Amino acid sequence: MSELHVLVDFENVQPTMDDLIKLAPELKAVWLFHGPTLAKRALKVKGDDARVTLVPHSGKRKNALDFHLTFYLGYLAARRTEPRLLVVANDQGYDSMLDHAKSLGIEASRVGFKVKEKPAAKKTAAAKKAVPVEKPEAPAVPAKKAAAKKAPAKKVA
């Protein structure tokens, strides 16, 4: 059976290792492509998992990370006898390249990833104990002025 290599566009989606295993339970290796701003988060996903390889990029140009990932996909396809490659990204820009890889007989596809929304946070103990602030009462208006305010205005001829 061929090895499944998962290539993650970490600037596009940030799955955890558990998320990746759910997406591809038989994964052999994960290639995590990230920029400098997500380096710490990428390191946290890697943890001590030897299957994860961090691939940093420093390119500041548009789609720099996408080109890094595409380069590695080609490299992996050339180095493996029966490559199985999965790109994890919501970016549909990879699809043309993946269609071309398929036309060459390479098993390559893309899967999107969406973070499940967390349930609404429970109120903290401090919030439960908070006492509502009472609004100050309006000053009392004398009866004559109150009646005058309620009377309709007279029309001027």
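Shown above is the structure to which this text applies.
Residues numbered from 1 in each chain as written. Predicted model: local features only at pLDDT ≥ 70, side-chain atom pairs only at ≥ 80, totals over all residues. Heavy atoms only, no water.

A separate point is the sheet that holds strand 5 (residues 107-111). Ordered in space as 3-2-1-4-5, the five strands form an open sheet in which the pairing is parallel. With partners counted over all chains shown, the strands left at the sheet margins are strand 3 (52-56) and strand 5, one partner each. Adjacent strand axes in the sheet meet at a mean angle of 20°, parallel and antiparallel pairs treated alike. Across the sheet, helix 4 (residues 95-103) lies against strand 4 (84-88) and strand 5, angled at about 155° from strand 5, the strand it touches most. (Pairing = 2+ DSSP bridges. Helix = DSSP H or I, 4+ residues; strand = E, 2+ residues; numbered from the N terminus. Axes fitted to C-alpha atoms, helices over the stretch in contact; angles between N-to-C directions. Contact = heavy atoms within 4.5 Å.)

A separate point is helix 4. Within helix 4 the residues assigned to the buried category are M97, L98 and A101. Seen from one end, helix 4 has its buried residues packed into an arc of 95°, which puts them on one side. Residues of helix 4 that are exposed and angled more than 90 degrees away from the buried face: S96, H100 and S103. Where helix 4 is buried, its residues contact helix 3 (64-79), strand 4 and strand 5. Immediately downstream of helix 4, the backbone of G105 shows phi near 90°, a positive value. (Buried < 20%, exposed > 50% of the residue type's maximum accessible area, 1.4 Å probe, protein only. Arc of directions from axis to C-beta.)

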